[in-house]
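# Structural features, examined
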Amino acid sequence: MTVDRAHDLFRRTYGIEPTVIASAPGRVNVIGEHTDYNGGDVLPIALQLRTTVALGPCAGRESRAVSEQTSGVGCFQAGASDRSGGWWDYLAGTVWAVHDERDAQCVQLAVASDVPVGAGLSSSAAVEVATATALQALNGATEPDLLQAARAAHKAETQFVGVPCGIMDQFASALCRQDQALWLACDREEAQLVPFAPLVLVFDTVVPRELRKSAYSTRRAECEEALAAIRRSAPHVTALARASAEAVELAEMSPTVRRRARHVVSETLRVGRLVQLLQERNASTAIGALLLASHASLRDDYECSTPELDWFVEQAQVAPGVHGARLTGAGWGGCAIAVGSADGLRAFAERASAEFVARFGRTPRWWMSSAADGARLH
Ligand code: GLA
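The paragraphs below set out a description of the structure included in this document. Sequence order sets the numbering: in each chain, residues are counted from 1 along the sequence as written. Local features are withheld for residues below a pLDDT of 70 in this predicted model, meaning they are given only at 70 or higher, and side-chain atom pairs are given and counted only at 80 or more; totals for whole chains, interfaces and linings count all residues. Neither water nor hydrogens contribute to the side-chain values; these are computed over all heavy atoms in the structure.

Attention now goes to the site of the ligand. In the region of the ligand, the neighbouring residues are Arg27, Glu33, His34, Asp36, Tyr37, Cys165, Gly166, Met168, Asp169, Tyr216, Gly329 and Ala330. Polar contacts, as counted here, are pairs of nitrogen or oxygen atoms within 3.5 Å of one another; within protein the pair requires one atom able to donate a hydrogen and one able to accept it, and residues that are adjacent in sequence qualify only if both atoms are side-chain atoms. In the model, an oxygen atom of the ligand is placed 2.6 Å from a nitrogen or oxygen of the Glu33 side chain. Residue burial considers only the protein chains on display, and all accessible areas are found by Shrake-Rupley using a 1.4 Å probe. Expressed as a share of its isolated accessible area of 310 Å², the protein-covered part of the ligand is 92%. In this classification, Asp, Glu, Lys and Arg are treated as charged, Ala, Val, Leu, Ile, Met, Phe, Trp, Tyr, Cys and Pro as nonpolar, and every other residue, Gly included, as polar. Split into classes, the residues belonging to the shell around the ligand amount to 5 nonpolar, 3 polar and 4 charged. Whether a residue is near a molecule or strand depends on its heavy atoms: if one lies within 4 Å, it is near.

Here is the structure:
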């Protein structure tokens, strides 16, 4: 349990008990990819993999942070806005964001996590949201305000750490609930829980993510270009994801930019369809078909897949008991998900892992998860 590990690490490092302990999960997005920064809908679930932060006040001006994953102590001035380039920037950034850029109280923190770093499962959102939730409790809140924690965590990620992501990851880590998916309209920051029973296989293709940062920024710029083109004849459209398919076809833009826009608009419609299936408690075969359609759109129109992710999805299509699969998260490496029966998914994961090693020369990782809880205090 990460709660016990963070608690122990805090005691061993600082020689006293922490004042508060909070945890938050990693996430996978079931559907709605590259729609969040286009003002569309997403549908993530929280994973059972969590990050815990143990926290207490300290004297002086220098805050300190330790993590079971790295040696040494990270030091930062609470509330200061400069990043150091160290792993503790996620914590320092959250302290800065929670205190609204005012001088903050000095704190000491210890972090324990089961969310793998670099797999695209939002390990950074998990540590930011857990820190924001713990800080609220340290400041006297008896019930955490999870929406505020999500906003502070997103501010830390975008304005302090400097990653230009949408709101999905931090909102998912804060607001998801067990056995539910989070249906989030990103333009309005409106969240609704939808019953989510399926088991999900998460398969990490362990492809290095060097490309991801620059490719993500390029896609964002292409989407802005598409929106500007649409707005020339339809100025009432304020978010690309809310444009109609006709508007995308009629506006003047390059073939590449049009394909990006097609993905964003069609993906937003698929989120709505999947939500409807879940609300009607529909079979996961229908869900699987939507996941496959999402993958095809990400592969062909958004061009953010890799041969490894495509291979996994192709294998899933012919695996007994598996109903569908797609890449999840930003793409350009990272994880894919599959849905199906528990036995079917497990057998598929084992077989696909062995074949993946033979084919790509890398050992993948996989997890099975149902929809878990978002952030909480302990
Ligand atoms: C990354 C970002 C999210 C979202 C996804 C793509 O995970 O952090 O905000 O844009 O990519 O859907």
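To continue, consider unusual backbone geometry. The phi dihedral of His34 is positive, around 60°, even though this residue is not glycine. With respect to the helices, strands and loops of the structure, His34 is situated in the loop between strand E1 (20-31) and strand E2 (41-57). Its identity as a non-glycine residue notwithstanding, Glu303 has a phi of 50°, on the positive side. The way it works is that DSSP assigns letters per residue, a run of H or I at least four long becomes a helix, a run of E at least two long becomes a strand, and they are numbered from the N terminus. With respect to the helices and strands, Glu303 occurs in the loop between helix H9 (284-300) and helix H10 (307-318).

Another point: the side chain of Ser173. With respect to the secondary-structure elements, Ser173 resides in helix H5 (residues 168-175). Here the side chain of Ser173 touches Pro25 through a polar contact of 2.8 Å, landing on its backbone oxygen. A contact between two residues is defined here by any heavy atoms of the two lying within 4.5 Å. Not counting chain neighbours up to four residues away, the residues in contact with Ser173 comprise Ala24, Pro25, Ala125, Ala126, Val129, Gly374 and Ala375.

Taken as a class, soluble globular proteins show a tendency for nonpolar side chains to be buried jointly. By convention a nonpolar core is built from buried Ala, Val, Leu, Ile, Met, Phe, Trp, Tyr and Cys residues, the set being connected through side-chain atoms within 4.5 Å. A 1.4 Å probe rolled over the protein chains alone gives each residue an accessible area, and that area as a share of the maximum for its type sets the label: buried under 20%, exposed over 50%, partly exposed in between. Formed by 48 residues in total, the largest nonpolar core has its most connected members in Leu55, Phe76, Leu91, Val95, Val107, Leu109 and Leu184. Elements that contribute at least two residues to this core include exactly E1, E2, helix H2 (89-98), strand E5 (107-113), helix H3 (123-138), helix H4 (146-161), H5 and strand E6 (180-185). Setting aside chain neighbours within four positions, we find Phe76 in contact with Arg61, Glu62, Ser63, Ala65, Trp88, Leu91, Ala92, Val95 and Leu109. With 46 residues, the next largest nonpolar core counts Ile230, Trp311, Ala330 and Trp332 among its residues.

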